[in-house]
Amino acid sequence: MSTSSLELMRLPDSQSRKPLDVGCGQLSASIGEDGCIRSVNHVHPRHGFITLEPAEPFPNDKWYDSEYVRLYRRRLIDQGHTSEGAAGFGIQPKGPEWKQEFFLALNHFPLIRFQRQNIEIDAVFIPFQQDGQSGIIEQLTVTNCGDKPESVPLAVGGTLSLHRCSYGQLTEGGPIPIPPTDLAVEVMNNRLTVTNLSLPAQARLDFFDGKDPLILPPMEMSTNRPVKYMHETEIHLKPGESRELMMVCRISVEEGETDFSFDELQVWKKKALKEAPILHREGPSREEKFIVQRNIDYILTCCSIPVGEDIVCIITDHQLLPLSWNRDSYYMMRLLLDSERHAHFIYEASYVPVFKSQVQRTVKGHLLWMFEKAVRPSGYWGRAYLTNGFCKDNVFQLDQQCYPLLELCEYYDRFEDHQAVARILPKVNEILNMIMEYKDMERWLFQTGETPADDEVTYPYHFSSQVLVWHTLTSLAKLNETFSFTSLELLEMARSVKRDTLDCFVAPHGDRELFAYLSDLKGSFQLYHDANDLPTVYAPIWGFCNSNDPRWMNTIEFAFSKENKGGFYDGKFGGLGSVHTPHPWPLGDGQELLYSLLIGDVRREQQVQRKLAEIVQWDGLFPEAVNEHTGDVESRHWFSWPGAFISSVFIQSFGD
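Visitor: So what's going on with the layout of surface pockets? Which residues, and what values?
Guide: The computed volume of the largest pocket comes to approximately 1100 Å³. Cys24, Gln129, Leu300, Gln358 and Arg361 are, among the 37 residues lining the largest pocket, the residues nearest its centre. The leading source of residues in the lining of the largest pocket is helix α7 (residues 352–373), at six residues. When the residues that make up the lining of the largest pocket are grouped by side-chain class, the tally is 19 nonpolar, eleven polar and seven charged. By volume, the second largest pocket is sized at about 670 Å³. If you trace the second largest pocket, you find 27 residues lining it, with Arg334, Arg341, Glu410, Asp413 and His471 closest to the centre. The set of elements that each furnish at least two residues to the lining of the second largest pocket consists of α5 (326–341), α8 (398–415), α11 (463–483), α13 (534–542) and α17 (640–655). In the lining of the second largest pocket, the residues fall into twelve nonpolar, seven polar and eight charged.

Below, the structure is given as structure tokens:
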């Protein structure tokens, strides 16, 4: 396969650039602008997620050092190009004089084009999954475009360490120590293997020059530090000649990877290319549709992790925090459900049935993971989970108990999968009974241990979570009409929640009234609004209140004002953020965009869209937070939730 036959889409020029991501479910990878593979990540049955990368693992004495956590998260962003390939691994052209262009091949696969005088090199990165095996192929097509013989120097190898992913959080809820780095490295023939005996797991890199093995100098060693192995070679090309070189990276978490032939490799590659999504070229705004398509692609390929037959864990990102939050996952699945309804706007007609089937499998698999795989040590879902269902942070957050129930209702509403829902329903009463344990003695209101920003609460009753409880009970009541799974008076419970929420959370603010953020139900309030509190902005869509309700409008207007201390950040790129990471968040911009649509403020809508166009990263994904003055990323270049939410808002405008 020549890269000249692939359809290419040039990546837009953006001030926010991060490594480019690609994956196939079990395995995902990030590629730097220099062509180095920054990381290859893989699901692990015991440790959740493991990574092959150039950096040392997170130190076990730094879990509660939030500033160090931030620095560690930036390590794959700040690594510059080095001629020795120390910023990653793979096959890279040597020398600093290469010009570069960046594309997505077939709307999906990162492709970096290097050019120098008469030489052109296309490096494309193709993940594959076949017969239970997964891996990533780096293919370099080196072409002599001139009329004289040329020599091209290449660097093969890089710096590698195989270890568990860090899971380092800003609000640490209980660290899981990193296993020791006990590496055994062997280079023989065209193969480099890195084995971490503590996991156990093995990464295997096979190199090819055309159909022939690319023979490497042998090496064997044991170490507890990242290994640097670099082989310098040179290929000679006749005028007009092209040569293909390949590296295949596979990670094994059980037995060592089996051998394969070059012909098998070609089959894997062709199958991966054939399965690439086919995008719709016309219709809604190209920029908005690019964002939607890229966020869907990231969720399906890098964040939807198969962990058993029909079971799928949804992680919030594949790189920094490959953990699962019910909250984040719900909005990611919400994007899939929204896009499935409007698939004809996003994909070509021939691909729509494939996409619809993939969405149903993914959402169903996620429901099975939450209800059957995710462990609830204290009866409730914890804050965050490993892919294997282990509860990392056993903290009670009220909203996290609601989202799985709501997702179940929305899944049935869309697909009417009676069998899957009936399989899950026996556990629903368990969850409802557990939530009732957190009900106030007198009011139909429920306590929480943390806010949706994973922060401690000043008062135990949280407004947006009560709205979510109401919406969940209302949705379950509709589901109960079909399945009769409970004798609880769900609609009456929902009415009581709404009544008491309106009684206990309406607070005075100057000459106005708005909804308080937190309450003790005894007259004390906290006035605040956070980028993480999406149920508040969804309240009119769900039917909790009208979009012209002055209390709701005052709440949102307060959120986007300097009066919202710790939540609003002023500046050219200012907006709604969070005390969790004190800067404006794209999640907040998504809230403002949805608010402007709900109240019909076209000017405000256009302002938010312009801001989103400036802060979106070049691959269509959004970070956690940006600088209010420069728009530069301040926190978490990888974070699927904001892009999923913003994309759902865009899709709503597609439908309109």
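Visitor: Tell me what's going on with the confidence of the model for the protein chain, and back it up with residues and numbers.
Guide: Looking at the protein chain, the pLDDT average stands at 94 and 97% of residues meet or exceed 70. Low pLDDT, under 50, characterises residues 81–85; the stretch is placed with eleven contacts to residues that sit more than four places away or in other chains.

Visitor: Requested: an account of helix α15 (residues 586–599), with residues and values cited.
Guide: The end-to-end C-alpha distance of α15 is 20 Å, a good match for the 20 Å that 14 residues give at a rise of 1.5 Å each. Within α15, eleven of the 14 residues are buried, which leaves it mostly tucked inside the rest of the structure. Buried within α15 are the following residues: Pro586, Leu587, Gly588, Asp589, Gly590, Gln591, Glu592, Leu593, Leu594, Tyr595 and Ser596. Count one or two residues on from α15 and you reach Gly600, which has phi positive near 75°.

Visitor: Can you explain the side chain of Gln397? Please cite residues and give values.
Guide: Looking at the element boundaries, Gln397 is found in the loop between α7 and α8. Here Asp454 takes part through its side chain, which lies 2.8 Å from a polar atom of the side chain of Gln397. When neighbours within four sequence positions are excluded, Gln397 is seen to be in contact with Arg327, Arg383, Thr448, Glu450, Thr451 and Asp454.

Visitor: Give me empty space enclosed by the protein: which residues, what numbers.
Guide: Empty space among the atoms becomes apparent when a probe as large as a water molecule is rolled across them. In total, this model carries seven cavities of 30 Å³ or more according to the counting rule given. The volume enclosed by the largest cavity comes to roughly 190 Å³. Contributing to the lining of the largest cavity are 18 residues, with Trp325, Asp454, His580, Glu624 and Arg636 lying nearest its centre. Of the residues contributing to the lining of the largest cavity, the split by class is eight nonpolar, four polar and six charged.

Visitor: Go over the packing of aromatic side chains, please, and point to the residues and values.
Guide: With the rule as written, the count across this model stands at 34 aromatic pairs. Their ring planes at 5° and their centres at 5.4 Å tell us that Tyr538 and Trp542 sit as a pair that is stacked. Here Tyr538 pairs with Trp542, and both are found in helix α13, just four residues apart, close to one helical turn. Exposure class is identical for Tyr538 and Trp542. Each is buried. Above the ring of Phe560, the side-chain terminus of Arg604 is found at 5.6 Å from the ring centroid.

Visitor: Hey, could you go over the pairing of strand β13 (residues 191–196) for me, with residue numbers and the actual values?
Guide: For a regular strand, the rule is simple: side chains alternate between the two faces of the sheet. Among the six residues of β13, five are classified as buried, and the element is accordingly described as predominantly covered. Once strand β12 (residues 183–188) ends, the chain turns through two residues before running back antiparallel as β13, passing Asn189 with a positive phi of about 55°. Pairing analysis gives six bridges linking β13 to strand β14 (residues 201–209), with the strands arranged antiparallel. Within the sheet, the bridge partner assigned to Thr195 lies in β14 and is Gln202. In this structure, the hairpin formed by β13 and β14 is closed by a connection of four residues.

Visitor: Outline the sheet that holds strand β25 (residues 525–526), supporting the account with residue identities and numerical values.
Guide: Spatially, three strands are ordered β21-β24-β25 in an open sheet, and the strand pairing comes out antiparallel. The open sheet is flanked by β21 (461–462) and β25, the only strands paired with a single partner. Bridging between strand β24 (residues 518–519) and β25 involves two bridges; their strand directions are antiparallel. Paired with Ser519 across the strands is Phe525, a residue of β25.

Visitor: Lay out the pattern of salt bridges with the relevant residues and their values.
Guide: Following the criterion strictly, the structure yields 47 salt bridges and no others. Measuring nitrogen to oxygen at the nearest pair gives 2.8 Å for the salt bridge that ties Arg636 to Asp317. Of this pair, Arg636 sits in the loop between β30 (633–635) and α17 while Asp317 sits in the loop between β20 (311–314) and α5; the two residues are 319 residues apart in sequence, bridging distant segments of the chain. The same class applies to Arg636 as to Asp317, namely buried.

Visitor: Please provide a residue-by-residue account of helix α12 (residues 490–505), values included.
Guide: The terminal C-alpha atoms of α12, which comprises 16 residues, lie 22 Å apart, in line with the 22 Å expected from a rise of 1.5 Å per residue. Taken residue by residue, α12 has Leu490, Met493, Ala494, Ser496, Val497, Asp500, Thr501, Cys504 and Phe505 as its buried positions. Mapping the buried residues of α12 onto a view down its axis gives an arc of 160°, with all of them on the same face.

Conventions and cut-offs
Residues numbered from 1 in each chain as written. Predicted model: local features only at pLDDT ≥ 70, side-chain atom pairs only at ≥ 80, totals over all residues. Heavy atoms only, no water. 1 Å grid on protein atoms, 1.4 Å probe; cavity = no way out; pocket = protein on both sides within 12 Å on 5 of 7 lines; lining within 4 Å. Points joined across faces, edges and corners; volume = space filled by probe spheres on them. Helix = DSSP H or I, 4+ residues; strand = E, 2+ residues; numbered from the N terminus. Nonpolar A, V, L, I, M, F, W, Y, C, P; charged D, E, K, R; others polar. pLDDT = per-residue confidence, 0-100. Contact = heavy atoms within 4.5 Å. Expected span 1.5 Å × (residues − 1). Buried < 20%, exposed > 50% of the residue type's maximum accessible area, 1.4 Å probe, protein only. Polar contact = N/O pair within 3.5 Å; in protein donor to acceptor, adjacent residues only side chain to side chain. Phe/Tyr/Trp six-rings, centres within 6.5 Å; stacked < 30°, edge-to-face > 60°. Lys NZ or Arg CZ within 6 Å of the ring centre and 35° of its normal. Pairing = 2+ DSSP bridges. Salt bridge = Lys/Arg side-chain N within 4 Å of Asp/Glu carboxyl O. Arc of directions from axis to C-beta.

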